[in-house]
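Below, each chain spelled out in residue letters.
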Amino acid sequence: MKVIMSYFINMIPYILITTIIYLIIRIIYLKNKKINIKKELLLLLLIIYISGLLSQTIIPKEGTIKGFNIIPFKIISDSIIEYNKGNIYYFIISLLGNICIFIPFGIIIPLIYKLKDKKIILIGFLTSFTIEFIQIFQNRYVDIDDLLLNTLGTYIGLLIYKLIKKILTISK
């Protein structure tokens, strides 16, 4: 739990700076325009999420592992092996972390934009691909499984969005 909290704590300065810059730009842009509060709050939430995501994936960190993995599902098998050895942190960060970090994407995007499911998943895939591509030039660890797990996270987020939408529709 301590490891997970450290990731969130590391995000705070980037989120604050990004949020302030975004709000200033948005206020200037929306001056004398009709404002949809719900959409503006969702856009702000998206900006906060993306700045947190990029702060953990793009901004260089000391002690990061360098290398490539082009073997699909290697991280999955490695995570299970490490978990069986008692290394739960590897399992949580490498496997669950890569899925969970993209779940908000699958929830927030359809709340803001009316897109087909395939486009939402494609946006998650392309975002993950872009992150992995940039990491090549930063001498960070680039992993095909990150791409697969991040895309799965986007899909899971989309399913959560649809489930919540269905529950709210039924309850009305």
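Structure: see above.
An account of the accompanying structure is given in this report. This structure is a prediction, so every number in the text was calculated from the model and none was measured.

### With respect to the packing of helix H1 (residues 2–30) against helix H2 (residues 37–57)
Between two packed helices, what matters for the description is the angle formed by their axes and the separation of those axes.
Then step 1. Running from amino to carboxyl end, H1 crosses H2 at an angle of 140 degrees, the nearest separation of the two axes being 8 Å. For the element pair H1 / H2, the angle class is oblique. When the axes of H1 and H2 are compared, the crossing they make is right-handed. Contact with H1, carried on its side by Tyr7, Asn10, Met11, Tyr14, Ile15, Thr18, Thr19, Tyr22, Leu23, Arg26 and Leu30, involves Glu40, Leu43, Leu44, Ile47, Ile48, Ser51, Gly52, Ser55 and Gln56 of H2 and no other residues of that element.
Then step 2. Looking at the contact of H1 with H2, its residues break down into 11 nonpolar, seven polar and two charged.

### Some thoughts on unusual backbone geometry
Then step 1. A positive phi angle, near 65 degrees, is found at Asn32, a position not held by glycine.
Then step 2. Tracing the sequence through the fold places Asn32 in the loop between H1 and H2.
Then step 3. At Asn139, a residue that is not glycine, the phi angle is positive and equals roughly 55 degrees.
Then step 4. One can find Asn139 in the loop between helix H6 (117–136) and strand E2 (141–143).

### Quick look at the environment of Ile131
Then step 1. Within the fold, Ile131 resides in helix H6.
Then step 2. Here the alpha-carbon distance between Ile131 and Ile35, two residues 96 residues apart in the chain, equals 32 Å.
Then step 3. With residues near it in sequence (within four places) discarded, Ile131 still touches Leu53, Leu54, Thr57, Ile58 and Phe102.

### Structural notes on the packing of aromatic side chains
Then step 1. One pass over the structure, following the stated rule, counts five aromatic pairs.
Then step 2. Look at Phe125 and Phe129: their rings are 6.4 Å apart centre to centre, the planes differ by 20 degrees, and that puts the pair in the stacked class. Of this pair, Phe125 and Phe129 both sit in helix H6, four residues apart, roughly one helical turn.
Then step 3. The class for Phe125 is partly exposed, based on a relative accessible area of 31%.
Then step 4. Between Phe133 and Phe137, the aromatic rings sit 5.2 Å apart at their centres with planes inclined by 75 degrees, giving edge-to-face as the arrangement.
Then step 5. On the accessibility criterion, Phe133 (43% relative accessible area) is partly exposed.
Then step 6. Through a chain of ring-to-ring contacts, three or more aromatic side chains come together here, namely Phe125, Phe129, Phe133 and Phe137.
Then step 7. Note that Lys33 overlies the ring of Tyr29, its terminal NZ or CZ placed 3.8 Å from the centroid.

### Quick look at the pattern of salt bridges
Then step 1. Counted by the stated rule, this structure contains four salt bridges.
Then step 2. Measuring nitrogen to oxygen at the nearest pair gives 2.8 Å for the salt bridge that ties Arg26 to Glu40. Placement of the pair is Arg26 in helix H1 and Glu40 in helix H2, with a sequence separation of 14 residues.
Then step 3. Note that Asp117 is salt-bridged to Lys162, the shortest N-O span being 2.5 Å. With Asp117 in helix H6 and Lys162 in helix H7 (residues 144–171), this residue pair connects regions lying 45 residues apart in the sequence.
Then step 4. For Asp117, a relative accessible area of 31% puts it in the partly exposed group.
Then step 5. Classification of Lys162 by relative accessible area gives partly exposed; the value is 37%.

Rules of the game
- Residues numbered from 1 in each chain as written.
- Predicted model: local features only at pLDDT ≥ 70, side-chain atom pairs only at ≥ 80, totals over all residues.
- Heavy atoms only, no water.
- Axes fitted to C-alpha atoms, helices over the stretch in contact; angles between N-to-C directions.
- Helix = DSSP H or I, 4+ residues; strand = E, 2+ residues; numbered from the N terminus.
- Parallel < 35°, antiparallel > 145°, perpendicular 65-115°, else oblique.
- Left-handed = near helix turned anticlockwise from the far one by under 90°.
- Contact = heavy atoms within 4.5 Å.
- Nonpolar A, V, L, I, M, F, W, Y, C, P; charged D, E, K, R; others polar.
- Phe/Tyr/Trp six-rings, centres within 6.5 Å; stacked < 30°, edge-to-face > 60°.
- Buried < 20%, exposed > 50% of the residue type's maximum accessible area, 1.4 Å probe, protein only.
- Lys NZ or Arg CZ within 6 Å of the ring centre and 35° of its normal.
- Salt bridge = Lys/Arg side-chain N within 4 Å of Asp/Glu carboxyl O.

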